[in-house]
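Listed below, chain by chain, are the residues.
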Amino acid sequence: MTTLENAAAVLKLFSKQGVRQGHPGLSFSDVVEDLKLPKSTVSRLLMTMETEGLLERDPDSRLYRIGRLLLAVSSHYLSAPLVDLASPYMAQLSQLTQCTGYISMLEGRDIMVMRMFPGRTYLQVVTPAGSLLPAHETAIGRAILARYTDDEVLARYSDKYQVNSANSPASREILLSRLAEVRQHGVSFASNETLLGISTLATSIFNKHRNETVGLCLSFPSPAPGKEIPQGIKEGLIAVTRQIAEKLGDEYWHLSKTAM
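On a predicted model such as this, the values are computed, not experimentally measured, just so you know.

A.B. asks: Sorry if this is basic, but what is going on with empty space enclosed by the protein here?
C.D. replies: One water molecule sets the probe size; rolling that probe over the atoms shows where empty space is left. Scanning the model with the defined rule gives one cavity of 30 Å³ or more in all. Looking at the largest cavity, its volume works out to about 260 Å³. As for the largest cavity, its lining consists of 24 residues, of which Thr127, Leu133, Thr194, Thr200 and Ser219 are closest to the centre. Of all the secondary structure elements, the ones that give two or more residues to the lining of the largest cavity are strand E3 (100–107), strand E4 (110–117), helix H6 (139–145), strand E6 (188–191), strand E7 (198–207) and strand E8 (212–221). Here the lining of the largest cavity is built from residues that sort into 13 nonpolar, nine polar and two charged.

A.B. asks: So what exactly am I meant to see when it comes to the packing of aromatic side chains here?
C.D. replies: Any aromatic ring pair is given by two values, namely how distant the centres are and how the planes are angled relative to each other. Under the criterion given, the structure shown has two aromatic pairs. Their ring planes at 70° and their centres at 5.8 Å tell us that Tyr157 and Tyr161 sit as a pair that is edge-to-face. Tyr161 carries the same exposure label as Tyr157, and that label is buried. Taking the centre distance of 5.9 Å and the plane angle of 75° together, the rings of Tyr252 and Trp253 count as edge-to-face. Judged on exposure class, the residue Tyr252 and its partner Trp253 are both buried. We note Arg147 situated over the ring of Tyr252; from NZ or CZ to the ring centre the distance is 3.8 Å.

A.B. asks: Just checking my understanding: could you explain the domain arrangement of the protein for this structure?
C.D. replies: How big an interface is tends to be expressed through the accessible area that disappears when the partners come together. As far as domains go, the protein holds domain 1 (3–72) and domain 2 (79–253). Using C-alpha coordinates to define each centre, domain 1 is positioned 41 Å away from domain 2.

A.B. asks: For this particular structure, what's the right way to read the sheet that holds E7?
C.D. replies: What links the strands of a sheet is backbone hydrogen bonding, and the strands pair in either a parallel or an antiparallel sense. Strand order in this open sheet of six strands is E5-E4-E3-E8-E7-E6, and the pairing throughout is antiparallel. Strands at the two margins of the open sheet, each flanked by one partner only, are strand E5 (132–134) and E6. Across the sheet, the axes of successive neighbouring strands diverge by a mean angle of 30°, strand direction being ignored. By the bridge criterion, three bridges tie E4 to E5 in an arrangement that is antiparallel. Residue pairing for E5: Ile111 is matched across the bridge by Leu133. Seen against the sheet, helix H5 (residues 82–97) touches E3, E4, E7 and E8 and runs at an angle of roughly 15° to E8.

A.B. asks: Teacher, can you tell me more about the nonpolar core here?
C.D. replies: Ile103, Ile205, Val214, Leu216 and Ile244 are the most contacted members of the largest nonpolar core, which totals 48 residues. Sorting the residues of this core by element identifies H5, E3, E4, H6, helix H8 (172–185), E7, E8 and helix H9 (233–248) as the ones contributing at least two each. Among the elements that take part in this core, H5 stands out by supplying seven residues, more than any other. Discounting chain neighbours no more than four positions away, the residues touching Ile205 are Leu82, Arg147, Glu212, Thr213, Val214, Leu216, Thr241, Ile244, Ala245, Leu248, Asp250 and Trp253. One finds Ala9, Val32, Leu35 and Leu55 within the second-largest nonpolar core, a separate group that totals 16 residues.

A.B. asks: Can you help me understand the side chain of Thr127 in this one?
C.D. replies: Along the chain, Thr127 falls in the loop between E4 and E5. The class of Thr127 is buried, set by a relative accessible area of 13%. Sequence-distant contacts of Thr127, that is, excluding residues within four places in its chain, are made with Tyr102, Val113, Met116, Leu133 and Leu195.

A.B. asks: Just to check I follow, could you spell out the pattern of salt bridges for this structure?
C.D. replies: Oppositely charged side chains can form a pair if their charged atoms are brought close together. Tallied over the full model, the rule gives ten salt bridges. Taking the shortest distance from any N to any O, the salt bridge between Asp84 and Arg115 comes out at 2.7 Å. Of this pair, Asp84 sits in helix H5 while Arg115 sits in strand E4, and the two are 31 residues apart along the sequence. Under the relative-accessibility criterion, Asp84 is labelled partly exposed at 42%.

Rules used throughout
Residues numbered from 1 in each chain as written. Predicted model: local features only at pLDDT ≥ 70, side-chain atom pairs only at ≥ 80, totals over all residues. Heavy atoms only, no water. 1 Å grid on protein atoms, 1.4 Å probe; cavity = no way out; pocket = protein on both sides within 12 Å on 5 of 7 lines; lining within 4 Å. Points joined across faces, edges and corners; volume = space filled by probe spheres on them. Helix = DSSP H or I, 4+ residues; strand = E, 2+ residues; numbered from the N terminus. Nonpolar A, V, L, I, M, F, W, Y, C, P; charged D, E, K, R; others polar. Phe/Tyr/Trp six-rings, centres within 6.5 Å; stacked < 30°, edge-to-face > 60°. Buried < 20%, exposed > 50% of the residue type's maximum accessible area, 1.4 Å probe, protein only. Lys NZ or Arg CZ within 6 Å of the ring centre and 35° of its normal. Domains from an automatic or database assignment. Pairing = 2+ DSSP bridges. Axes fitted to C-alpha atoms, helices over the stretch in contact; angles between N-to-C directions. Contact = heavy atoms within 4.5 Å. Core = buried A, V, L, I, M, F, W, Y, C linked by side-chain atoms within 4.5 Å. Salt bridge = Lys/Arg side-chain N within 4 Å of Asp/Glu carboxyl O.

Here's what the structure looks like:
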């Protein structure tokens, strides 16, 4: 194994051993036993990692902890606004799937479009950034609402409830049923709701480090009756969502989600 691979193995050992904040750390023996390398080799490796800021060693216990360099980099990464973090992924996904992509956030009972990424498929109507749409009447809004409990959703819609489209959930009870499906599958679907002739698939991401939730969605011309969603759209959206969720430790996507 190369020095880089050995260093990566040491960092992975923190996770394997369950070393978190407040844990004393890893011992020299822990690393030797895991890497199965001579003590002299491990000693040089750990010394280099400490010098470069990847590790720190407690002067009293002589145990190793994650170094300041890694903590500083991860803190900067995890504190970045979630919209900005997700934007490069959605821009690339929009081009790959030829769909129009969106990133939105919940504002009361509406969703606000934060970013729009035009795909190669021409859509006669697009929703520009800054637009507000009823959350319960959009796939991306329901993807975000599914992160809340039923009681929290009902409290949000405690007063007048109405829909503008015959294809939207016509009552609070139906809305809750739709949200239960989203929690099961991880994906929210809307067809001919906000815009006739347009279908959307959406997911949501939560950054616990900033308490931010955003919805990600792809819009495309609605398939003809009896036709399936074009191949690659759902798979691509889920793959991107899982990729971002893994980086942020979003446990919602660690749970098994069944296919729609």
